Amino acid sequence: MKRFFVIVLLLFANVVAFAQGFTVKNYTANIDINAEGYFDVIENYDIEFTEEKHGIYREIITEYKLKSYTGKIEKRNLFIKNLEVPGHSFSTNYGFEQRFNGKLEIKIGDKNVFVTGPQHYEIKYRVYNAFLFEDSIIQFYWDIKPQGWDAIFEQINFTIHLPEGIPLSAENCFVYAGNTGTPLPSEEYDYTYSDGIYTGKSRESVISLPGQEVTVLIKLPKNSIQENILTIPLWQQYGWIGILVLLLGIFWRV
């Protein structure tokens, strides 16, 4: 019965993959956590295009609300810096539009060039304001694969490097995979914990479907990460007021 279910799932996955135009054959996320309050991410995608496309589209949620350990609802704004896509042209909505939409949109590829077959993409960036500082612990909580991907992921791997001296074990590391809100840690990954490095690899025949996500949670000791919170510049927070004043001025003059 289990083998039959896997076959049916693979058939369904192939149909969906064909509809989306590409499949992620292998995806690896490498994250280096810095004690100064940020972390660097390197994402590598091996993609198989089944039809001609200009490239891929990556979204990173940069604005959301969360409940703090005190029960207070807080608004959190992430900062994405040092964005690179080696070997490929790309564009983003960085700035006012990103703040308005609450997400960073990365379009990778050339509008005048189509690609097909196997392709490789690498995305690099640095994240600020993502750690959750609580009374007794610090939580690193990050979507390795967010739900916004409209494609099938056949293989997912991740490696997370912690600052020196922070202990790692199954008791403080968790992975949640599947539909949003899945309450139980996933049993579909193999994990290792060694010398401050936490790695995970999806097991054979495990497929992440469009709309599903993979999230990593690591509970870190208090004071192990500096609370380095960046704030949005005033011109980005209230830039829309300036635009409104300008439009009103033009209207008044007319």
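Residues numbered from 1 in each chain as written. Predicted model: local features only at pLDDT ≥ 70, side-chain atom pairs only at ≥ 80, totals over all residues. Heavy atoms only, no water.

A few points about the sheet that holds strand S8 (residues 103-109)
Ordered by their spatial adjacency, 3 strands build an open sheet running S3-S8-S7, and the pairing between neighbours is antiparallel. Edge positions in the sheet fall to strand S3 (55-61) and strand S7 (90-92), since each of these pairs with one other strand and no more. Neighbour-to-neighbour, the strand axes of the sheet open up by a mean angle of 15 degrees, direction not taken into account. One ladder, built from 7 bridges, connects S3 with S8; its direction is antiparallel. When the bridges of S8 are listed, Tyr57 appears paired with Lys107. (Pairing = 2+ DSSP bridges. Helix = DSSP H or I, 4+ residues; strand = E, 2+ residues; numbered from the N terminus. Axes fitted to C-alpha atoms, helices over the stretch in contact; angles between N-to-C directions.)

Quick word on the layout of surface pockets
The method is simple in principle: a probe with the dimensions of a water molecule rolls over the atoms, and the space it marks as empty is what remains. The volume enclosed by the largest pocket comes to roughly 980 Å³. Lining the largest pocket are 37 residues; nearest its centre among them are Tyr64, Leu132, Tyr141, Asp143 and Thr215. Across the lining of the largest pocket, the residue classes tally to 17 nonpolar, 10 polar and 10 charged. (1 Å grid on protein atoms, 1.4 Å probe; cavity = no way out; pocket = protein on both sides within 12 Å on 5 of 7 lines; lining within 4 Å. Points joined across faces, edges and corners; volume = space filled by probe spheres on them. Nonpolar A, V, L, I, M, F, W, Y, C, P; charged D, E, K, R; others polar.)

Points about the sheet that holds strand S10 (residues 132-133)
The 4 strands are arranged S10-S11-S17-S14 in an open sheet whose pairing can be described as antiparallel. Unpaired on one side and paired on the other, S10 and strand S14 (173-178) mark the two borders of the sheet.

Looking at the pattern of salt bridges
Under the criterion given, the structure shown has 8 salt bridges. Ionic pairing is found between Asp190 and Arg203, a salt bridge with its closest N-O pair at 2.8 Å. On the criterion of sequence distance, the pair formed by Asp190 in strand S15 (residues 189-194) and Arg203 in the loop between strand S16 (197-202) and strand S17 (213-221) is long-range, its members being 13 residues apart. Overall, Asp190 belongs to the partly exposed group, its relative accessible area being 41%. Looking at Arg203, the relative accessible area reads 38%, which means it is partly exposed. (Salt bridge = Lys/Arg side-chain N within 4 Å of Asp/Glu carboxyl O. Buried < 20%, exposed > 50% of the residue type's maximum accessible area, 1.4 Å probe, protein only.)

A short note on the packing of aromatic side chains
On inspection of all chains with the given rule, the structure shows 17 aromatic pairs. With centroids separated by 5.3 Å and ring planes inclined at 75 degrees, the aromatic side chains of Phe158 and Tyr198 adopt a geometry described as edge-to-face. Placement of the pair is Phe158 in strand S13 (residues 156-161) and Tyr198 in strand S16, with a sequence separation of 40 residues. With respect to class, Phe158 is no different from Tyr198; both count as buried. An aromatic cluster is defined as three or more aromatic residues linked by ring pairs; in this entry it consists of Phe39, Phe131, Phe133, Phe140 and Trp142. (Phe/Tyr/Trp six-rings, centres within 6.5 Å; stacked < 30°, edge-to-face > 60°.)

Observations concerning the pairing of strand S2 (residues 38-53)
By the bridge criterion, 12 bridges tie strand S1 (residues 22-34) to S2 in an arrangement that is antiparallel. By the bridge assignment, Ile31 is partnered in S2 with Val41. By the bridge criterion, 13 bridges tie S2 to strand S9 (residues 115-128) in an arrangement that is antiparallel. Within S9, the residue paired with Asp40 across the bridge is Arg126.

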